[in-house]
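Per-entry structural report
Below, each chain spelled out in residue letters.
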Amino acid sequence: ALALPAAAYMLQDQEVHAAELERTFIAVKPDGVQRGLISEIISRFERKGYKLVGIKVVVPSKEFAGKHYHALKDKPFFNGLSEFLSSGPVVAMVWEGEGVITYGRKLIGATDPQKSEPGTIRGDLAVVVGRNIIHGSDGPETAKDEINLWFKPEELVSFTSNAEKWIYG
Ligand code: ADP
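Residues numbered from 1 in each chain as written. Predicted model: local features only at pLDDT ≥ 70, side-chain atom pairs only at ≥ 80, totals over all residues. Heavy atoms only, no water.

Moving on, we come to the pattern of salt bridges. With the rule as written, the count across this model stands at seven salt bridges. For E96, the salt bridge goes to K51, with nearest N and O atoms at 3.3 Å. Taken together, the residues span a long stretch of sequence, with E96 in strand β3 (residues 90-96) and K51 in strand β2 (residues 51-58) at a distance of 45 residues. For E96, a relative accessible area of 3% corresponds to the buried category. Note on K51: relative accessible area 8%, which makes it buried. Here the residues in one salt-bridge network are R23, K51, E96 and E164, joined through shared partners. (Salt bridge = Lys/Arg side-chain N within 4 Å of Asp/Glu carboxyl O. Helix = DSSP H or I, 4+ residues; strand = E, 2+ residues; numbered from the N terminus. Buried < 20%, exposed > 50% of the residue type's maximum accessible area, 1.4 Å probe, protein only.)

So, in structure tokens, the structure goes:
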């Protein structure tokens, strides 16, 4: 059932609750890629029980990075941030699962790694705010916008994993 549109997916899997279709945009930023933390980050989302439905490695242009961070355009660090995001490969991903937007942010930890709890991705793996290795959408609207910015619909898959009945009951 690969690449079925969402509506067909829901019809096919009516017994699985619709909340499961929540999706969020997650990116390993250039520092995380350079430090060899791609698999570590994927692993944390995967082991939790979330499902990877899109992934690619891209070097965004500075203009694209600015679009991604448009909400921060008035911040003093906006230019440096856009420059940094476009400085090398980024692993762009879409993860799916119940509560994945909010819980994904918990897995990631606070923006400033000095304030992120141990056990979170930033808490365990990063030290300063300008090199905090990962991005995650902060709400349903931004998740939708960011997924649309980074991915074409045909780059995302819809499928049922055999583990779902063990993850969701
Ligand atoms: P988050 O990534 O946790 O959603 P924000 O949306 O507030 O956080 O900021 C986006 C990114 O901008 C952060 O992940 C961080 O890389 C960078 N950033 C935030 N605050 C600062 C700062 N004070 N100085 C430098 N970079 C910052």
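From this point, the discussion proceeds with the structure in view.
So, about the UniProt feature "active site" (unreviewed entry) in the protein. Here, the residues flagged by UniProt with the feature "active site" (unreviewed entry) are H135. Among the structural elements, H135 can be located in strand β4 (residues 134-136). Judged by relative accessible area, H135 falls into the buried class, the value being 11%. Contacts of H135, omitting those with residues within four sequence positions, involve F25, I26, A27, K29, H68, Y69, I108, R122 and E146. (UniProt positions renumbered as here; feature names shortened; annotations may be inferred. Contact = heavy atoms within 4.5 Å.)

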